[in-house]
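# Topology and contacts: notes
This is what each chain is made of:
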Amino acid sequence: MVVAGSRRVLVRQLPEVSKPLTAGAAVCVAIGAVLPIAFAVATGAAVAAVPVAVGGGLRSPAGQHLLNTVILVGVLLAAQQTLSPIQDAVTNILSRRVQMRIYRRSMVAALQPRTIAHLEDPELLDLVAGATLLSPGGPNGAVRNVLNQSRRYISGAASLLLVAHYRWWLAILLFGAELALLQRHRALYSEMVSFRARQLPGLRRSVYLRGLAMNPDAAKETRIFGLAGWVVERFRGEWLETMTRLWEQRRGSVLRLLAAAVPVFAILLLSVWLMGRDAIDGSISLGAMVAYASALFATMQLVMPGDDFAIEEGAAVVRKTVELEKIVASDARLRLPGDHSPPQAAPQRDIRVEGVRFRYPGRDDDVLHDLDLVIPAGRSLAIVGDNGAGKTTLVKLLARLYDPAQGRIVVDGVDLRDIDAAGWQARVAAVFQDFVRYPMTAAANVGFGAKRNGAHNDAARRADALELVEGLPHGWDTVLTREFDGGVDLSGGEWQRLALARALFAAAATGGGLLILDEPTAHLDARAEASFIGGFLDVTRGCTTIVISHRFSTVRRADRIVVLEGGRIIETGSHDELVALGGRYAEMFTLQAERFTDA
Ligand SMILES: Nc1ncnc2c1ncn2[C@@H]1O[C@H](COP(=O)(O)OP(=O)(O)O)[C@@H](O)[C@H]1O
Ligand SMILES: [Mg+2]
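Counting starts from 1 at the beginning of each chain's written sequence and moves along it residue by residue. To read the labels, note that chains go from A and ligands from 1, taken in the order they are written. Residues qualify for local features only when their pLDDT is at least 70, as the model is predicted, and side-chain atom pairs are given and counted only at 80 or more; totals for whole chains, interfaces and linings, by contrast, use all residues. Neither water nor hydrogens contribute to the side-chain values; these are computed over all heavy atoms in the structure.

### So, the layout of surface pockets
This is how the line gets drawn: A 1.4 Å probe that fits but cannot get out identifies a cavity on a 1 Å grid over protein atoms alone, an open set with protein on both sides within 12 Å along at least five of seven lines counts as a pocket, and a residue lines either if it has an atom within 4 Å of a point. Grid points are joined across faces, edges and corners, and a volume is the space filled by probe spheres set on the points. The secondary structure listing takes helices from DSSP runs of H or I that are at least 4 residues long and strands from runs of E that are at least 2 residues long, numbered from the N terminus. Put simply, Ala, Val, Leu, Ile, Met, Phe, Trp, Tyr, Cys and Pro go in the nonpolar bin, Asp, Glu, Lys and Arg in the charged bin, and everything else, Gly too, in the polar bin. Domain boundaries shown here were taken from an automatic or database domain assignment.
Within this model, the largest pocket holds a volume of roughly 1,100 Å³. Leu401, Gln425, Ala430, Phe432 and Tyr438 are, among the 32 residues lining the largest pocket, the residues nearest its centre. For the lining of the largest pocket, the elements supplying multiple residues, two or more each, are helix H4 (61–111), helix H14 (421–427), strand E6 (428–431) and helix H18 (492–510). In the lining of the largest pocket, the residues fall into 23 nonpolar, 4 polar and 5 charged. Both domains that furnish three or more residues to the lining of the largest pocket are identified here as domain 1 (2–330) and domain 2 (342–437 + 512–598). Estimates place the volume of the second largest pocket at around 430 Å³. With 3 residues, the top contributor of residues to the lining of the second largest pocket is helix H9 (residues 216–224). The residue inventory of the lining of the second largest pocket, partitioned by class, reads 6 nonpolar, 2 polar and 6 charged.

Structure below.
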């Protein structure tokens, strides 16, 4: 019964994609189901006509009849040949579109929440993975199989009618036995797929391990640290563990499956024997025997198992996608109450962090403790502090990638949670430490889909990246990955400048808002840094800017500096004030200054 559900899950997707194509596919299925039956009947008629025609000669009426039946057989054969490519085409388009739609729906669902905590939740990640991993061939293959199976079912049922015309009780027996076998098939496959759905964490691990072997990013470390054997062994281990459990569980089901096949074959043998006997003693003609026997074997189409597995897998992907959509729509953690208020203007007065406390999902300690901070609009703020102090976390909260557990962030007097999240994020331009290196053109890395114009060059010039772009083999159109022909890769510092250009491009496009740079000069050498910072301050004047940096040559130019330690702000002031204070900032500054004078 579970597979019937799976078929329905998939069939329901068809009209959603295209009603005309669905109707076309249905017509193809119906014709494709009936043609083989007609062919079997016509062949039987032709065989039956042979003995009489042999007696009377081809010119006799019996001869003419034989000729007509043979022509009919030919026409039916030709019709099958013609239909097949048409059906393939319709099925292909339809199934691909279903797949595209399902994959797109899972992408939209994963992208919909404006915060990102859900993507760090293992349970939700299993669901996200399930929405693709459970069907290696994708829902595409499953839809094709559903259509094939429908054709086989109709054809099998029609054949059963023909068998019933021979002996009604034989048809009933056969149907009962075949139905039992069919249920066994379905139960087995559905067990296998739901078993795999329960093994998703392991499945995700093995996909990750496979990626480690193939992914050029990991290639350096897998070699330097001699991980090849370890990676392959762990992959094999994950796979074996899952498979061993699966096989243990399957053994019983396979035996039950074989047991269910025995009655079907017994009834088939009985039927063949009956038909042979009837033909020999003349109670049915030779032609009738041929037609009945082919119908008999055609009923086996009801129990051909090949399609069910992919159908189960494809339906599992659809179900996980629907589940993901439901959770994203209903989970209070993911629903953002402010999502429908009007878009946000750039902050005019200030952004205030008021008593903010935050901890990451799944951790049992707070990263930020009762943090208070005022960020005046249109000024620059630098955040310094040791690794793990919570600097990146703080700016992620300001970008509303997470919501505080306690306290609030207020923009011009309005709680960030009451502001449209998408509108706010459109106002925020950021370069994070782990910014993304898109394997696309330089232009796409800066402006994504934006039409290329002067803004690209402006942003690149400000980020000190224009020369770099102009030096690329195809300029802005150069693909920035070696994984494609004609592509090039950049150094860490070059990538960073491009990421900066991206943030400046976005800031210029929205007319400014909040610009966040998390260690923007970490990959730059001293000269590149000096040239970047000089230009950067000009560009961002009047823009609310937050820069996190370990380099005091960058930090000291900010209007205001805060020192973060262990999730708390311990010092605030200008560079000169903080140096004069002689506290933590002064200590860090002196340490770095000494290092440079030593060098
Ligand atoms: N996504 C995350 N999930 C759980 N813990 C995290 C996550 N990101 C950072 N942390 C933890 O939060 C603390 C502060 O991190 P972070 O804000 O990145 O520090 P900083 O940027 O000052 O170096 C660290 O202890 C870090 O391990
Ligand atoms: Mg950080």
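### Topic: the sheet that holds strand E1 (residues 350–358)
What counts, and what does not: Should DSSP find at least two bridges between two strands, the strands are taken to pair.
Spatial ordering of the open sheet is given by E2-E1-E4-E5, a layout of 4 strands whose pairing is antiparallel. With partners counted over all chains shown, the strands left at the sheet margins are strand E2 (368–376) and strand E5 (414–415), one partner each. Alignment of strand E4 (residues 406–411) against E5, held across 2 bridges, turns out to be antiparallel. The partner of Val411 across the bridge, within E5, is Val414.

### Considering the environment of Ile31
Going by this rule: For the exposure calls, accessible area comes from a 1.4 Å probe over protein chains only, and a residue counts as buried if that area is under 20% of its type's maximum, exposed if over 50%, partly exposed in between.
Position of Ile31 among the secondary structure elements: in helix H3 (residues 19–56). Judged by relative accessible area, Ile31 falls into the partly exposed class, the value being 39%. With 49 residues separating them in the primary sequence, Ile31 and Gln80 have C-alpha atoms 8.8 Å apart.

### Describing the coordination of the magnesium ion (ligand 2)
Put simply, the test is: Here the term donor refers to an N, O or S atom within 2.8 Å of the metal (or 3.2 Å for Na, K and Ca), and because water is left out of the atoms, sites may appear incomplete.
Distances from the magnesium ion (ligand 2) to its protein donors, Thr392 (OG1) and Gln433 (OE1), fall within 2.0 to 2.3 Å. Residue Thr392 is found in helix H13 (residues 391–398), and its partner Gln433 is found in the loop between E6 and helix H15 (442–447); the two are separated by 41 residues along the sequence. Its relative accessible area of 23% is what places Thr392 among the partly exposed residues.

### Description of the packing of aromatic side chains
Heads up, the condition is: Pairing of aromatic rings covers Phe, Tyr and the six-membered ring of Trp, with a centre-to-centre limit of 6.5 Å; geometry is then stacked below 30 degrees between planes, edge-to-face above 60, and tilted otherwise.
Going through the model one piece at a time under the given rule, you end up with 8 aromatic pairs. Pairing Phe358 with Tyr402 gives two aromatic rings, centres 5.2 Å apart and planes at 55°, and the pair type is tilted. With Phe358 in strand E1 and Tyr402 in the loop between H13 and E4, the pair connects residues that are 44 residues apart, well separated along the chain. Pair check on accessibility: Phe358 and Tyr402 agree, each one buried. Ring centres of Phe552 and Phe589 lie 5.6 Å apart, and the angle between their planes is 65°; this geometry places the pair in the edge-to-face category.

### What about the domain arrangement of the protein?
Frequently, the measure chosen for interface size is the accessible area that the parts lose on association. The following threshold applies: Any two residues having at least one pair of non-hydrogen atoms within 4.5 Å are treated as being in contact. What counts as buried area is the accessible surface, traced by a 1.4 Å probe, that two parts surrender upon association, with contributions from both included. Here, a salt bridge means any Lys or Arg side-chain nitrogen found within 4 Å of an Asp or Glu carboxyl oxygen. Under this definition, polar contacts are N or O atom pairs within 3.5 Å; protein pairs additionally need one hydrogen-donor-capable and one acceptor-capable atom, and for neighbouring residues in sequence, both atoms have to be side-chain atoms.
What the domain assignment lists for the protein is domain 1 (2–330) and domain 2 (342–437 + 512–598). A separation of 57 Å is found between the C-alpha centroids of domain 1 and domain 2. Contacts between the two partners involve 5 residues from domain 1, matched on the other side by 9 residues from domain 2. In this assembly, domain 1 packs against domain 2 so that about 630 Å² is buried in total across both faces, 57% of it on carbon and sulfur atoms. Taken as a group, Arg114, Thr115 and Ile116 account for 73% of the area that domain 1 buries against domain 2, more than any other trio of residues on that side. Inspection of the domain 1/domain 2 interface yields 0 salt bridges. At the surface where domain 1 touches domain 2, the tally comes to 3 residue pairs in polar contact (both at pLDDT 80 or more). Classifying every residue of the side of domain 1 that touches domain 2 gives 2 nonpolar, 1 polar and 2 charged.

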